[in-house]
Structures are given as C-alpha cells and as structure tokens.
Amino acid sequence: MDETTRISDRNFGRRTFLRGSAAALGLAVVAGAGCAPKDELETSPEAGKPADEKVCSGVCRGNCFGGCALDIKVRDGKVVATTAAKLPDEQYRRICQRGHSHLQRIYDPDRLKAPVRRVGERGSGEWEQITWEEAIDEIASKWKQYQEESGKESVAFMAGSGNFGVAAANYAGRLRDRMGATTVQFCYDNCYFHAGIHAEGVGDGFNSNEIADIVNAKCIILWGSNPAVAQPQNWHFIMDAQRAGAKIIVIDPNFTVSASHADMFIPIRPGTDNALLMAMVNYVHENGLADADYIKKATVGPFLVKESDGKFLRQSDLGVEIAKDAVDAPIVCDANGNHGTSEEVSDPVFEGTFEIEGIKVTCAYTLLVESCKKWSLARAAELCDISEETIGELIKLYVEGPSTIYQGFGPDHYVNGERVYFTQIALAAITGNIGKPGATCGYEWTYAGLLKYVKPALLTPKDATPGMTVVSPNLLDNVKAKEVEGKPFDLRSLYIWVSNPLGNQTDRNSWIELFNMLDLVVVVDMRLGDTANYADIVLPCVHWFEAEEIMPQTSPYLLLQEKAVDPLYESKTDVDIVNMLAKAMGFEDDFSMSLEEYLAATLENDGAKTDGITWDRLKDEKYIDIMGGDPYYIHGGTGVFRTATTRLNFYYEKPAPYINYGQSFDVEKARLPYWEPPAEAWPQTVAEFEANPLAEKYPLIFTTERNRMKCHTQWGHAPWLLELYSEPTIRINPNDAQARGISDGDHVRAFNDRGEAVFMAEIHAGCRPGVVVAPKGWEEDQFIKGHYSNLTSRAFNPFTPNNCFFDALIEIEKA
Ligand SMILES: Nc1nc2c(c(=O)[nH]1)N[C@H]1C(S)=C(S)[C@@H](COP(=O)(O)OP(=O)(O)OC[C@H]3O[C@@H](n4cnc5c(=O)[nH]c(N)nc54)[C@H](O)[C@@H]3O)O[C@H]1N2
Ligand SMILES: Nc1nc2c(c(=O)[nH]1)N[C@H]1C(S)=C(S)[C@@H](COP(=O)(O)OP(=O)(O)OC[C@H]3O[C@@H](n4cnc5c(=O)[nH]c(N)nc54)[C@H](O)[C@@H]3O)O[C@H]1N2
Ligand code: SF4
Ligand SMILES: [Mo]
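Everything quoted here is computed from the prediction, not taken from an experiment. (Residues numbered from 1 in each chain as written. Chains lettered and ligands numbered in written order. Predicted model: local features only at pLDDT ≥ 70, side-chain atom pairs only at ≥ 80, totals over all residues. Heavy atoms only, no water.)

Student: Summarise helix 5 (residues 190–200); cite the residues concerned and give the values.
Tutor: Most of helix 5 sits out of view: 9 of its 11 residues are buried. Tucked into the core, helix 5 has its buried residues touching strand 9 (182–185), strand 18 (403–407), helix 13 (418–430) and strand 19 (440–442). Positive phi appears at Gly201, one or two residues downstream of helix 5, with a value of about 80 degrees. (Buried < 20%, exposed > 50% of the residue type's maximum accessible area, 1.4 Å probe, protein only. Helix = DSSP H or I, 4+ residues; strand = E, 2+ residues; numbered from the N terminus. Contact = heavy atoms within 4.5 Å.)

Student: For empty space enclosed by the protein, give the residues involved together with the corresponding values.
Tutor: All told, the structure shown has 5 cavities of 30 Å³ or more when counted by the stated rule. Size it by volume and the second largest cavity reaches roughly 220 Å³. In terms of residue class, the lining of the second largest cavity is built from 11 nonpolar, 11 polar and 3 charged. (1 Å grid on protein atoms, 1.4 Å probe; cavity = no way out; pocket = protein on both sides within 12 Å on 5 of 7 lines; lining within 4 Å. Points joined across faces, edges and corners; volume = space filled by probe spheres on them. Nonpolar A, V, L, I, M, F, W, Y, C, P; charged D, E, K, R; others polar.)

Student: Residues and numbers for the site of ligand 3, please.
Tutor: In the neighbourhood of ligand 3, the contacting residues comprise Cys60, Cys64, Gly66, Gly67, Cys68, Ile95, Cys96, Arg98, Gly99 and Gln233. Partitioned by chemical class, the residues of the shell around ligand 3 number 5 nonpolar, 4 polar and 1 charged. (Near = heavy atom within 4 Å.)

Student: Residue-level account of the site of ligand 1, with values.
Tutor: Ala230, Asp252, Phe409, Lys710 and His712 are the nearest of the 32 residues found near ligand 1. Residue Asn226 places a main-chain N or O atom 2.8 Å away from an oxygen atom belonging to ligand 1. Residue Gly271 places a main-chain N or O atom 2.8 Å away from an oxygen atom belonging to ligand 1. In isolation ligand 1 offers 920 Å² of accessible surface; the protein chains occlude 99% of this area. (Polar contact = N/O pair within 3.5 Å; in protein donor to acceptor, adjacent residues only side chain to side chain. Areas by Shrake-Rupley, 256 points an atom, 1.4 Å probe, with all protein chains shown as cover.)

Student: Could you give me a rundown of the packing of helix 8 (residues 273–286) against helix 11 (residues 377–384), with the residues and numbers involved?
Tutor: Direction vectors running N to C along helix 8 and helix 11 enclose 165 degrees, while the axes themselves pass 9 Å from each other. Judged by the angle between their axes, helix 8 and helix 11 are roughly antiparallel. Of the two possible hands of crossing, helix 8 and helix 11 adopt the one that is left-handed. The residues of helix 11 that touch helix 8, namely those facing Ala275, Leu276, Ala279 and Tyr283, are Leu377, Ala380, Leu383 and Cys384. In terms of residue class, the contact of helix 8 with helix 11 is made up of 8 nonpolar, no polar and no charged. (Axes fitted to C-alpha atoms, helices over the stretch in contact; angles between N-to-C directions. Parallel < 35°, antiparallel > 145°, perpendicular 65-115°, else oblique. Left-handed = near helix turned anticlockwise from the far one by under 90°.)

Student: An account of the domain arrangement of the protein chain is needed here, citing residue identities and associated values.
Tutor: Structurally, the protein chain comprises domain 1 (208–442) and domain 2 (693–814). The C-alpha centroid of domain 2 is placed 33 Å from the C-alpha centroid of domain 1. Each side of the interface is counted separately: domain 1 has 20 residues, and domain 2 has 23 residues. Both faces combined, the contact of domain 1 with domain 2 buries some 1700 Å², and carbon together with sulfur accounts for 55% of it. Area buried by domain 1 at its contact with domain 2 is led by Asn254, His413 and Val415, which between them contribute 36% of it. Our enumeration of links across domain 1 and domain 2 arrives at 1 salt bridge. A salt bridge links Arg768 to Asp385; its shortest N-O distance comes to 2.9 Å. On inspection of domain 1 and its partner domain 2, the count reaches 9 residue pairs in polar contact (both at pLDDT 80 or more). Of all elements in the fold, only helix 6 (227–230) and helix 13 reach the threshold of two or more residues within the side of domain 1 that touches domain 2. Considering every element that reaches the side of domain 1 that touches domain 2, the biggest residue donor is helix 6, with 3 residues. Tallied by class, the residues present in the side of domain 1 that touches domain 2 amount to 11 nonpolar, 4 polar and 5 charged. (Domains from an automatic or database assignment. Buried area = accessible area lost by both parts, 1.4 Å probe. Salt bridge = Lys/Arg side-chain N within 4 Å of Asp/Glu carboxyl O.)

Student: If you had to explain the sheet that holds strand 10 (residues 219–223) to someone new, which residues and values would you point to?
Tutor: In space, the 5 strands of this open sheet follow the order 12-11-10-18-19, with parallel pairing throughout. Because the sheet does not close on itself, it has two edges, and the strands there are strand 12 (264–266) and strand 19. Ignoring strand direction, the axes of neighbouring strands in this sheet form an average angle of 15 degrees. As defined by bridge partners, strand 11 (residues 247–251) adjoins strand 12 across 3 bridges and the pair is classed as parallel. (Pairing = 2+ DSSP bridges.)

Student: Lay out the pairing of strand 9 with the relevant residues and their values.
Tutor: By the alternation rule, side chains of strand 9 split into Thr182 and Val184 and Thr183 and Gln185, which are all buried. Alignment of strand 8 (residues 155–158) against strand 9, held across 3 bridges, turns out to be parallel. Each residue of the ladder has a partner; that of Ala156, found in strand 9, is Thr182. Handedness of the crossover joining strand 8 and strand 9 through helix 4 (residues 166–179) is recorded here as right-handed. (Right-handed = clockwise from strand over helix to strand, strands pointing away.)

Student: I'd like a rundown of the nonpolar core, residues and numbers included.
Tutor: Of all hydrophobic cores here, the largest spans 104 residues; its most connected members are Trp143, Phe157, Leu175, Tyr495, Phe759 and Ile812. Looking at this core element by element, the count peaks at 7 residues for helix 3 (residues 132–150). In contact with Ile812, other than residues within four places in its own chain, are Leu700, Ile730, Ile732, Arg740, Ile742, Val748, Arg749, Ala750, Phe751 and Val772. In terms of nonpolar packing, the next biggest core, distinct from the first, is built from 103 residues, Cys384, Ile425, Ile430 and Phe641 among them. (Core = buried A, V, L, I, M, F, W, Y, C linked by side-chain atoms within 4.5 Å.)

Student: Could you give me a rundown of the environment of Ser510, with the residues and numbers involved?
Tutor: Within the element layout of this structure, Ser510 appears in helix 17 (residues 508–517). Residue classification places Ser510 among the buried residues on the basis of a relative accessible area of 5%. Distance from Ser510 to Pro466, taken between C-alpha atoms, is 27 Å for residues 44 residues apart in sequence. Apart from residues no more than four positions distant in its own chain, Ser510 is found in contact with Leu476 and Arg794. Reaching out from Ser510, the side chain makes a polar contact with the backbone oxygen of Asp507 at a distance of 2.7 Å.

Student: Run through the sheet that holds strand 27 (residues 557–561), naming residues and quoting values.
Tutor: Read across the sheet, 3 strands follow the order 26-27-28 without closing on themselves; strand pairing throughout is antiparallel. Each edge of the open sheet carries a strand with a single partner, namely strand 26 (549–551) and strand 28 (623–625). Ignoring which end each strand starts from, the neighbouring axes of this sheet average 15 degrees apart. Bridging between strand 27 and strand 28 involves 3 bridges; their strand directions are antiparallel. Each residue of the ladder has a partner; that of Leu559, found in strand 28, is Tyr623.

Student: Mind laying out the pattern of salt bridges, listing which residues take part and the relevant values?
Tutor: Summed over all chains, the structure comprises 51 salt bridges. Glu546 is the partner of Arg111 in a salt bridge, and the nearest nitrogen-oxygen pair spans 2.8 Å. On the criterion of sequence distance, the pair formed by Arg111 in the loop between helix 2 (103–106) and strand 6 (116–118) and Glu546 in the loop between strand 25 (537–540) and strand 26 is long-range, its members being 435 residues apart. Pair check on accessibility: Arg111 and Glu546 agree, each one buried. Glu780 serves as the salt-bridge partner of Arg508, at 3.0 Å between the closest nitrogen and oxygen. One end of the pair, Arg508, is in helix 17; the other, Glu780, is in the loop between strand 33 (771–775) and strand 34 (809–814), with 272 residues separating them in the sequence. Neither residue differs from the other here; Arg508 and Glu780 are each classed as buried. Each member of the salt-bridge network shares a partner with another, and the members are Asp108, Asp110, Arg527 and Glu779.

Student: A description of helix 19 (residues 595–602) should follow, citing residues and the corresponding values.
Tutor: Every α-helix winds through 3.6 residues per turn, so residues three or four apart in the chain are directed the same way. Most of helix 19 is tucked away: 6 of the 8 residues are buried. All of the buried residues in helix 19 are Leu595, Tyr598, Leu599, Ala600, Ala601 and Thr602. Tucked into the core, helix 19 has its buried residues touching helix 4, helix 14 (448–453), strand 26, helix 18 (574–585) and helix 21 (615–621).

Student: How would you explain the layout of surface pockets if you had to name every residue and give the values?
Tutor: Of the pockets and cavities examined, the largest pocket occupies roughly 1300 Å³. Looking at the largest pocket, it is lined by 43 residues, and the ones nearest its centre are Asn170, Gln185, Phe186, Tyr447 and Leu450. A total of 6 residues in the lining of the largest pocket trace back to one element, the largest contributor, which is helix 4. The residue makeup of the lining of the largest pocket, split by class, is 26 nonpolar, 14 polar and 3 charged. Taken together, 27 residues form the lining of the second largest pocket, with Phe303, Thr643, Ala644, Thr645 and Thr646 sitting closest to its centre. Take the lining of the second largest pocket: its biggest share by element is 3 residues, from helix 5.

As structure tokens, this is what we get:
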C-alpha cells in the first residue's frame with residue numbers, strides 16, 4: 001500500500017493522486033518492435049537532432065462502427081500523430097476528429113497508472129494505490145470465497161463495446177466460462193440485431209450491402225439515423241449517391257445534420273415508426289406494387305402456415321419420412337393445387353388460404369399483409385403525424401428503387417422498437433429491395449472477419465461450464481429478488497471490462513444502488529471514468545496502441561494493430577490481466593497463451609485456412625481485404641440468406657428471444673408486425689391510444705443523440721475536442737423553451753422521478769415540439785449536477801431485452 005489521497009475536488013484531486021504514483025509521463029515509453037522505419041528521418045524540432053521515427057499500422061477500435069485504419073507516427077518512442085492509413089481502396093482512407101486525437105488519450109494526465117482500491121464512499125474518489133499482486137490476490141481469494149459460499153454464478157462478468165479487438169473484447173469471457181460465472185448481457189442495439197439475424201440472416205458480411213454500393217441506390221432512407229454525425233466514415237458515400245441522383249429521405253422526429261442534407265425530411269412522431277411501416281406494407285400490397293417473383297424466390301411468402309399451431313406445413317406433416325439430418329422442408333402449393341417443397345413446385349402462389357390433405361393453411365405473405373391491413377395511410381398519417389401525401393410520395397420513391405433502408409438506432413431505443421427492424425426487412429423483401437446493387441436494408445457494418453475467421457471455439461476453454469445469462473436492464477431487480485426467472489441468484493461480485501455502464505446503461509442511479517449491494521466491483525479501464533469511479537478495485541489497461549490486436553469487424557478489411565509503443569506506467573493488456581487472475585484462481589492450464597499466441601490461434605481455423613489468412617500474413621500485410629473487392633459485396637446477392645429457412649423471414653415460425661434467460665413472451669405476437677405505444681414516451685392521446693398520465697408531470701420526451709466529439713464516453717476528456725464542444729447541452733424547441741422562460745445559453749435542470757441533470761440550453765427550431773435532444777457521452781465530472789443517464793428508464797421488452805434510451809419522459813426548468 002503506497003499512499004491514500006483524500007479527494008474533494010474531483011479533477012484536481014485525481015491529478016494530485018496520480019502525481020504521487022508510479023512513473024512520470026513518458027519516461028517508460030520505449031519504441032515497439034515490428035513497425036516500419038520511416039524512409040527519411042526527420043529532425044525533431046525540440047531536440048535539434050535526427051529523430052528516431054517510424055510509422056506503425058493501427059486501427060481505431062471504439063464502437064462508432066468505424067474501425068478506421070490508422071498510420072501511427074512514433075517519434076523517439078512517443079506517438080506524435082495519427083493519420084488515415086493508405087488502404088488500397090481510397091474510399092476507405094478516412095478518419096475523423098477522434099481518430100486524429102488519439103495521442104490525447106494515450107498521454108491523458110488522468111490515465112490510471114497503477115491498480116487502486118477504494119477507501120472512501122463509493123464515488124467519492126478516495127483511493128489507495130496497491131500492487132498488481134495485492135489486487136490479483138484480493139480479487140481471486142474473494143471470488144473463491146463467494147463461489148464457495150454462494151455458488152459459481154455469484155460472480156458475474158460484464159463487457160461493453162469499448163474495444164472491438166479480438167483479444168480485448170473476448171478474452172475475459174474465457175475466464176468467466178471457466179469459472180462458471182454469470183454473463184451480464186449489456187443489451188445495446190438488440191432490436192436491430194435480432195431482426196438482422198432472424199429476419200434477414202447475417203450473411204458473409206452483415207445484413208446489408210457493403211457501404212460503397214450505396215452509390216447505386218436511387219432512394220436512400222436514413223431511418224432514425226444520423227450518419228453525418230454517427231458514421232462520418234460512411235457519410236461521403238451517401239453524399240456521392242446523392243450526387244449520382246439518389247434521393248435522400250430522413251425519417252426522424254428532429255431536424256438533424258443529416259436531415260439538413262436530405263431531399264425529403266419526415267419529422268415522425270417518436271415511437272410510431274412501425275405504424276408507418278405497416279401502412280407502407282399495406283399500401284404496397286393493396287396497390288399491386290409487390291414484387292411477386294422476388295417474394296416467390298427469396299422470401300417465406302409462399303410457405304404455408306398451419307392454422308392449428310402457427311408453424312409451417314412441412315413434409316413430415318404430410319407423412320413423409322425425414323431421414324436423419326435431412327431438412328423437413330416447408331410445403332408450398334401452386335395455382336393448380338399441386339403441393340410439395342419449393343424444389344418440387346416451380347411456380348408457387350404466395351396468397352390465399354387452402355386445405356392441404358385436410359390441414360387448413362394460409363400463405364405467410366397473406367398473414368403478413370393481413371397483420372398490416374388496419375394501417376391505412378390515413379390512420380398512419382394521424383398516428384405518425386405525417387401527411388398522407390408525404391407517405392404516398394415516400395412509398396412511390398421507395399418502390400421505384402433500387403432503394404436502401406439505412407437502419408439507424410432511434411427506433412431501437414423504445415420498448416416498442418423491436419418490430420421496426422422486422423417490418424423494414426418485410427417491406428424490403430416484398431418490394432425486392434434486397435440482394436441487388438443499390439438495394440439493401442440494414443446497417444453497413446461488416447462482421448466478415450469475426451464470422452469467417454475468428455474461431456469461436458477458442459473463446460471457450462475445454463473445461464468451461466458457462467454460467468447463466470442475465471440482462472442488464474433487469475440486473476438490479478434480479479439481485480434484489482435473488483432470482484432469475486425462478487432460478488436462485490446471489491450476485492456478490494461484478495467484473496467489468498471494455499464497458500462503462502454508469503455512463504451508458506439506463507437509470508444510472510439504479511446501477512449505483514446495485515453496486516452498493518455487491519461485495520466487490522472490479523473495473524478494468526484506462527482512466528477513472530464514470531464506472532471505475534464507483535468500483536472497489538480498478539485495474540489499469542493499456543491504450544489500444546500499446547499492444548497487438550486484430551480488428552475483425554466494422555470495415556471491409558481485416559486489420560492489424562501493431563504494438564506502436566510499450567504500455568505506459570503499470571498498465572497491462574486485458575489478456576495479461578485475465579491470465580494473472582486465472583492463475584490465482586487455479587486455472588493456469590487453460591490460460592497459458594500470450595496475447596500474440598492467442599491472436600495467432602484465433603486465425604487457425606478452416607475459414608481462415610481456405611482464404612489463406614494467417615497471423616503471420618496479417619503481420620506482414622497489415623490489412624487484408626475480406627469483402628471480395630469489386631463488385632461490391634451485395635448481401636443476399638446469391639438469393640440465399642442465413643436465416644433458419646435460407647429465405648427472408650417476415651413470419652417467425654418459431655420466435656426465439658434475442659437472449660434467452662428463461663423469460664416468457666407472447667409467442668403469437670412475436671410472429672408478425674404489430675404496433676403499440678412506447679412504454680413511457682407517449683405524452684399525447686392519438687386515436688384510441690391514450691396518453692401516459694405521467695406526461696402531466698413530465699411532458700417532454702428525453703432523447704440523446706451521438707456526440708460528434710466522443711465515441712460514447714471515449715475521448716470525453718481530450719482537450720482538442722473539448723475546445724470545440726465543452727459542456728453538456730440540451731436542444732429544446734423554441735415554443736417549449738418560451739413556455740418555461742428558458743433562453744439560449746441558460747443552464748436548465750432536466751428531471752423526473754429517477755433523477756436529474758443540468759445542461760446548457762440550446763434553443764433550436766429543428767427540435768420537434770415536445771422532444772428534447774441531449775448529445776450523449778459526457779461523464780459525471782463534466783456536469784454541473786447530475787448525469788443524463790439518471791433520466792432514462794430500465795423498462796424493456798423481454799423478447800428483445802434492450803436498453804430503451806429514448807423511452808423516457810422528463811420536465812425542464814431554469815436551473
Ligand atoms: N460520434 C459518434 N458516433 C457513433 C457513436 C458515438 O458514441 N459517437 N456510437 C455508435 C453506436 S454504438 C451506435 S448504436 C450508432 C447509432 O447511430 P444513429 O442511430 O445514427 O445515432 P443516433 O444519434 O442515436 O441517431 C438516432 C436518431 O434517431 C432519432 N430518433 C429518435 N426517436 C426516433 C423515433 O421514434 N423514430 C425515428 N425514426 N427516429 C428517432 C434521433 O432524433 C436521432 O437523430 O452510432 C455509432 N456512432
Ligand atoms: N442515454 C443513452 N445512453 C446510451 C446510448 C444512447 O443512445 N443514449 N447508446 C448506447 C449504445 S447504442 C451503446 S453501443 C453503448 C456503448 O456503451 P459502452 O460499450 O460502455 O461504451 P464506451 O463509453 O465506449 O465504454 C467503454 C469503456 O471501455 C474502456 N476501454 C476502451 N478500450 C479498452 C480496453 O482495451 N480494455 C478495457 N478493459 N477497457 C477499455 C473505455 O475507456 C470506456 O470506459 O452506450 C449506450 N448508451
Ligand atoms: S472514431 Fe470512428 S470514424 Fe473516427 S477515426 Fe475512429 S473509427 Fe474512424
Ligand atoms: Mo450502439
């Protein structure tokens with residue numbers, strides 16, 4: 001134990017503490033091996049002598065979906081600049097302002113330099129420095145005790161999306177499974193993922209065409225999506241498409257930066273998207289605009305659904321013996337009454353109700369359109385607050401195509417958002433807007449490297465006995481009830497890595513309450529951010545450039561991170577930390593691989609072998625194009641989708657929840673589109689849908705948008721970026737502001753029964769009346785008072801457990 005520092009002023013105090021600890025900034029930096037020396041040596045202006053300079057390959061790995069390749073310039077053992085790597089395809093040679101600001105994270109004076117243990121109240125910022133040995137011994141001995149006393153699942157592991165590198169993201173999961181510990185699923189973006197997987201099938205890339213293909217679209221709908229801010233790396237492709245003649249349509253309650261570039265802006269009422277989509281499906285059907293050939297060939301439309309149990313009529317229902325391992329194929333029928341598998345019946349019908357060998361059946365397409373029937377344009381117009389003419393124009397542009405629905409995450413953030421992604425895919429499927437150049441429905445984010453090359457079996461050690469899974473919005477209730485769906489659950493310790501839940505989960509105060517109920521919260525991070533600040537022990541991890549990594553997702557390349565500089569201070573890689581913990585737990589045999597051995601092993605599998613991909617090759621070439629180059633990767637272009645039926649699915653035969661934690665859900669409801677109001681954010685009565693009475697007290701819908709300067713909470717303290725955007729703000733419509741006596745630049749208190757936050761008000765006519773928008777990612781120390789995550793709600797849909805960030809009501813007053 002080295003020292004204890006009482007901290008009253010958070011920023012000043014933290015610096016004081018850090019000054020007293022370990023190595024001084026920069027002293028420990030030694031050039032990493034393997035990077036290319038610069039052709040010409042430059043003169044370091046400070047020293048006046050030739051500098052030792054090299055350029056390393058790297059990759060930006062936070063969750064902005066970018067995965068941009070970087071050239072990291074290292075001079076005299078220190079990173080001095082980051083620029084876009086010279087990838088062969090020039091279209092992907094881009095980085096944003098965050099990509100240029102990495103060195104302010106590496107050399108952040110507030111970087112955690114050594115392991116620390118909490119000595120004051122949680123969140124007080126009072127720490128003592130401890131050695132790695134002390135930290136590891138304490139964690140491992142407590143975990144052994146808890147597991148012995150309260151069961152293996154009394155220890156839980158929680159990841160987030162802080163680093164998409166193969167090792168950093170996955171390695172701790174091996175220890176979790178070896179210990180039989182609980183997984184806390186972090187529940188971000190799950191509505192989108194569920195439909196992407198079950199309705200559309202994750203293809204060789206993901207559920208969309210490669211972004212470069214968007215230039216072939218004639219109609220692009222940015223649906224609840226603000227790529228000008230949230231995917232700057234994609235924005236130029238969208239602008240290229242517009243220049244090539246595509247119409248850009250933005251569907252968003254608010255006039256965003258992306259909307260300011262659109263040909264058509266549709267300011268939809270929050271939480272009503274699925275009603276609009278159902279009206280579009282209904283209109284397409286009623287007006288004969290559906291693409292019959294595509295429905296027959298590529299969708300479940302012709303499959304016959306049994307009235308008796310809602311399942312597809314299959315060969316076995318008709319008495320056919322199904323050989324072991326053979327597929328019990330769905331049955332279709334043609335206009336002449338012949339029935340058989342889709343191989344046997346060449347021209348199936350996709351509409352109608354029939355009786356086949358005494359079994360009453362209906363085509364899946366008919367069930368889809370029946371479910372949307374009550375959504376006339378007039379009814380949707382009233383609910384969504386969009387004119388019928390506008391919806392008509394939207395449908396016309398979309399059907400003409402080729403059309404791309406660029407799925408954003410606005411609708412995902414409501415409890416009723418689950419079906420939006422499903423119905424978007426249904427609309428694309430029945431109009432044939434998938435599987436062609438310019439026609440896709442998804443988010444252009446590739447998973448190719450992860451799916452094809454990173455061997456999943458490696459993630460689980462051979463002696464593993466994985467424990468139960470719980471979902472983050474339910475965790476506090478599970479801990480209080482000491483059960484998960486009837487199964488005993490006595491949680492005592494949480495290990496958190498690549499994750500900042502107190503900044504990013506809903507209902508932050510509930511997380512602080514949860515932490516207070518636990519015996520040991522361990523966080524691995526680079527700095528004492530929102531979550532680390534409330535932990536019991538914090539372990540310092542390396543910055544992304546201080547270790548090798550493989551980035552297997554988000555760009556069309558498999559990318560290498562070279563070790564550009566040595567780890568600063570006492571920081572360690574997540575792999576080394578887990579290996580130390582595993583050894584202390586007695587699992588050394590399964591955790592003897594070094595980081596490099598682990599990375600090499602993740603590429604030793606059939607998929608990688610077939611395509612000639614190895615760790616040595618990646619080290620040699622630095623980036624490998626895995627999307628097949630030209631022509632651009634087209635999702636579903638082969639007509640085969642990776643769904644259970646190999647077709648686009650707009651009828652869930654066997655609805656499966658996104659994460660199965662033993663929950664019950666309404667199976668019938670989960671099969672087809674439906675609309676119901678959001679859980680909380682429904683402040684008005686429209687048609688038969690009555691306003692949430694809570695709106696009398698809290699009339700404003702609280703939404704958060706992506707922060708141009710941050711990737712979630714990362715880069716949040718980089719001075720260059722703070723100079724451009726320096727304090728938490730909230731956008732308010734002029735009428736809402738005036739009614740509350742709020743002027744531009746005032747500080748305002750936003751509040752509800754869950755908590756409060758103080759923001760600077762920005763009066764903005766682009767903000768939909770009744771809706772406020774706060775860019776996210778600010779941490780507690782940057783608020784005058786409170787935190788935006790105090791305002792959000794833990795309500796979720798058990799079928800797709802998710803954090804529903806926008807489904808919240810608040811009131812605002814002058815602070
Ligand atoms: N700079 C930056 N970029 C990021 C991130 C970051 O933290 N910083 N995070 C990344 C991550 S993890 C994600 S998930 C993506 C998110 O990517 P986006 O979804 O593009 O980002 P958001 O800013 O959340 O935009 C959602 C939009 O939905 C709108 N919206 C709100 N309610 C509704 C509604 O009911 N219907 C419709 N149609 N729209 C609605 C909001 O006004 C907002 O403009 O961004 C990624 N990119
Ligand atoms: N109100 C509101 N909240 C939201 C959203 C919203 O729209 N509104 N969006 C949500 C969405 S879609 C998402 S995806 C989440 C993202 O939530 P998180 O995944 O929690 O995102 P980050 O803030 O990037 O936090 C990751 C943490 O990992 C740390 N880290 C980075 N690299 C490493 C590493 O190599 N090792 C270790 N051990 N740690 C590392 C970072 O310093 C950071 O503290 O946020 C969600 N939160
Ligand atoms: S933050 Fe995202 S867009 Fe910016 S450089 Fe990094 S990966 Fe690219
Ligand atoms: Mo996300």
